[in-house]
Structures are given as structure tokens and as C-alpha cells.
Amino acid sequence: IARANMAEEHEVDGVGEVDEFAGDQKRIKLEEQEQLEQQAKAQSDPHNAPPSRVVHARAVPDGCTHQQMVATLSKFGKISYVTMMPRMRQALIEFEAIDDAISCVQSQQIYIMDRPVFFNFSTSQEITRSPYGIAPHGAAAVAAPTTDNTMVQDGEPSTDGANHIILMTVFNPLYPITVDVIRTICSPYGFVQRIVIFRKNGLQVLVEFESSASATRAKQQLDGADIYAGCCTLKIEFAKTTRLNVYKNDEMTWDFTAQDQQGTSHVLRTCTLLIWS
């Protein structure tokens, strides 16, 4: 009888160990699945990007300068570079240390010019230097335009796989996206030749510029920005195609190099972007 009881106890203990092992495996699997979901969410939604030294500011007050942005955020740490996007009421701020960027994003509400400004991590790990940004402490050289409208860095043309056509993916498109909207936000960076809007992996837009330098400037300034505050967030890559074929001019496609039947070029229609704080 004693041997039978001992065998029964041993069998019960063995079942308990198996159940505990199975429970541990299940927890590990759930944790791995949660991590994968968080990574996927961060990749699909720029507002949920993983920690980066670059911080994206939204609802930046009209008239805010580079100097005001630096003065407000310097309390979190040393800032390497700042790019303002006044038309979008947004900015990109690059901290020297990632811990300083984390402190900025995780801090309580930040006010600039008595207006609340919202911060999240950028999808970029570094801001590409351009004539439109500043290095507060003079630590970084700024690329300068040349007479032939190409961008140079340290005296050499930029060859970072740039193309004169960019591919925009629009996340959370709560408002209509038309060729006029896209041309309005892209025109400050160079002549826009053609636009094609389509739905493949969500809402996407191909924009063909006259030069790769213009496309590079647009990518630098608009990647991670919101067309409208809090929505229509842009993720921008260089496209692989070398020319867009446009067969008709409407709200989804337009060839701005072609003349209409009266022989006059298309005039950009007024488009007011409704950007709220």
C-alpha cells in the first residue's frame, strides 16, 4: 500500500511539472506574439514608432522658429539638429542622446508660445542635413544647393539611392487626398511633373519631380509628417520606377507637363489644408 501511495504521489507531481512547463511555454509564446504585434504596429503607424534620437513635433504654433524650439526642448538634453515644417505646423528634432529624446516624448504636456505641442518618436534615426534645418551647436555640416540644382554633401553629389519619383503611403486618411492636395504640399520643394494616386497597400501616391534633388528635399521634409493634424500621416520612400504614365487628368492622376486643349498649362487650383491644433 505504501508503495502504491508513493507511486501515486510521484505521478501527481509529474503531472504538476508537466502543467507548469506547459504554462511557461504558453506565457513565452504570448510574450513573443505581443512583441511581434508591437513591432508590426510601430512599422505600420508612424505615431507608434520605436524610440529614436529623432522626435516628431505636431501642432507647432504658427511663427515658431528654430531658436524657440531649441530653447524649449534643450531642458531635456543637447540637440544636434532641427528642421521646421511651418506649412505643416510640424518639426523634426534630433537629440544627441536617445535617453534625452525619450524624456521629451514621455514628459508631461509641452507648451510653445502658450500652445500645446505634441511629440512622438520619428520613424527616422537621424535627420538628413539640408538647407532647411539648423545645427544649434554647429556640430553638423549642412548640405547646400549648387547652381545646377543638385544637393552636395562635403563637396560630392548625393548618391543615397535617390530617384526623382517618390512613393507616399498615407496612414489614417480621414480626409480626401487628391492631386491638388499632393501638389500643394510637394510644390515648395520643386516642380511636380506627374502625380498618380492609387490603392494597393492602403492609400498610396507616386509623385514625379523634375529632378532627384527636388524629390530628395520633399522626402526629407515630409517623411513622417501629417497632411492634416493627427491624421493623413506620410511615409515616404524613393520609388523604383523611372517614369509615370498618366493617361487622363482628374482628381487621382495628373500630368502637369502636358498642356490642355486650349494650349495653356494647368494652373494649380487653390487648396486649403485644414490643419487644426
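Residues numbered from 1 in each chain as written. Predicted model: local features only at pLDDT ≥ 70, side-chain atom pairs only at ≥ 80, totals over all residues. Heavy atoms only, no water.

Participant: Mind showing me how you'd approach the overall build of the chain here?
Facilitator: Broken down by element type, the chain carries five helices and 15 strands. Looking at the chain as a whole, 42% of its 277 residues qualify as buried. Put simply, 69% of the contacts in the chain that link residues at least 6 apart link residues at least 24 apart. In the form shown here, the chain has an accessible surface area of approximately 15,800 Å², with 51% of it arising from carbon and sulfur atoms. (Helix = DSSP H or I, 4+ residues; strand = E, 2+ residues; numbered from the N terminus. Buried < 20%, exposed > 50% of the residue type's maximum accessible area, 1.4 Å probe, protein only. Contact = heavy atoms within 4.5 Å. Areas by Shrake-Rupley, 256 points an atom, 1.4 Å probe, with all protein chains shown as cover.)

Participant: Can you walk me through the sheet that holds strand E11 (residues 192–200) in this structure?
Facilitator: Across a sheet, strands are paired by hydrogen bonds formed along the backbone, either parallel or antiparallel in direction. Spatial ordering of the open sheet is given by E13-E14-E10-E12-E11-E15, a layout of six strands whose pairing is antiparallel. Of all the strands in the sheet, just strand E13 (226–228) and strand E15 (253–255) have a single pairing partner and so form its edges. Adjacent strand axes in the sheet meet at a mean angle of 25° when their direction is disregarded. The sheet contact formed by strand E10 (residues 165–171) and strand E12 (residues 202–209) spans six bridges and is antiparallel. Among the inter-strand pairings, Ile166 is bridged to a residue of E12, identified as Val207. Packing of helix H4 (residues 179–186) onto the sheet brings it into contact with E10, E11, E12, E13, strand E14 (231–238) and E15, and relative to E11 it is tilted by some 130°. The sheet contacts of helix H5 (residues 212–222) involve E10, E12 and E14, and relative to E14 the element is tilted by about 140°. (Pairing = 2+ DSSP bridges. Axes fitted to C-alpha atoms, helices over the stretch in contact; angles between N-to-C directions.)

Participant: Teacher, can you tell me more about the side chain of Gln90 here?
Facilitator: Relative to the elements of secondary structure, Gln90 occurs in strand E3 (residues 90–95). Here Met88 takes part through its backbone oxygen, which lies 3.3 Å from a polar atom of the side chain of Gln90. Among the polar contacts made by the side chain of Gln90, one reaches the main-chain carbonyl oxygen of Asp226 at a distance of 2.6 Å. In this view, Gln90 contacts His56, Ala57, Arg58, Val60, Met84, Met85, Gly224, Ala225 and Asp226; residues no more than four positions away in its chain are not counted. (Polar contact = N/O pair within 3.5 Å; in protein donor to acceptor, adjacent residues only side chain to side chain.)

Participant: Explain the packing of aromatic side chains here, please?
Facilitator: One pair of aromatic rings is described through two measures. These are the centre distance and the angle between the planes. Scanning the model with the defined rule gives two aromatic pairs in all. Aromatic side chains Trp254 and Phe256 sit 6.1 Å apart centroid to centroid with 25° between the ring planes, which places their arrangement in the stacked category. The two residues Trp254 and Phe256 agree in class, both being buried. The positively charged end of Arg183 is found above the aromatic ring belonging to Phe256, 4.1 Å away from the centroid. (Phe/Tyr/Trp six-rings, centres within 6.5 Å; stacked < 30°, edge-to-face > 60°. Lys NZ or Arg CZ within 6 Å of the ring centre and 35° of its normal.)

Participant: I keep staring at H4 and nothing clicks. Help me out?
Facilitator: At 3.6 residues per turn, the α-helix brings residues three or four places apart onto the same side. Within H4, seven of the eight residues are buried, leaving the element largely enclosed by the surrounding structure. Along H4, the residues classified as buried are Val179, Asp180, Val181, Ile182, Arg183, Ile185 and Cys186.

Participant: How should the environment of Val196 be read in this particular structure?
Facilitator: Position of Val196 relative to the elements: it lies in strand E11. Relative accessible area serves as the criterion here: at 16%, Val196 is assigned to the buried category. Taking the C-alpha atoms as reference points, Val196 and Val207, eleven residues apart in sequence, are found 6.7 Å from one another. Setting aside its immediate chain neighbours within four residues, Val196 contacts Gln204, Val205, Leu206, Leu244, Val246, Met252 and Thr253.

Participant: Sorry if this is basic, but what is going on with the pairing of E11 here?
Facilitator: A regular strand places its side chains on the two faces of the sheet in alternate fashion. Pairing analysis gives eight bridges linking E11 to E12, with the strands arranged antiparallel. Within E12, the residue paired with Arg199 across the bridge is Leu203. Linking E11 back to E12 in an antiparallel pair, the connection comprises one residue. Taken together, the three bridges between E11 and E15 define a ladder with antiparallel strand orientation. Paired with Val196 across the two strands is Thr253, which belongs to E15.

Participant: Looking at this structure, I do not really get the nonpolar core. What am I missing?
Facilitator: When a protein is soluble and globular, its nonpolar side chains tend to lie buried together. If you look at the biggest cluster of nonpolar residues, it comprises 36 residues, and the most contacted ones within it are Met168, Ile177, Ile182, Val207 and Leu222. Looking at this core, the elements with two or more residues in it are strand E2 (79–85), E10, H4, E11, E12, H5, E13 and E14. Considering each element in turn, this core owes the most residues, five residues, to H4. Grouped together as the second largest cluster of nonpolar side chains are 22 residues, Val60, Ile110, Val117 and Phe119 included. (Core = buried A, V, L, I, M, F, W, Y, C linked by side-chain atoms within 4.5 Å.)

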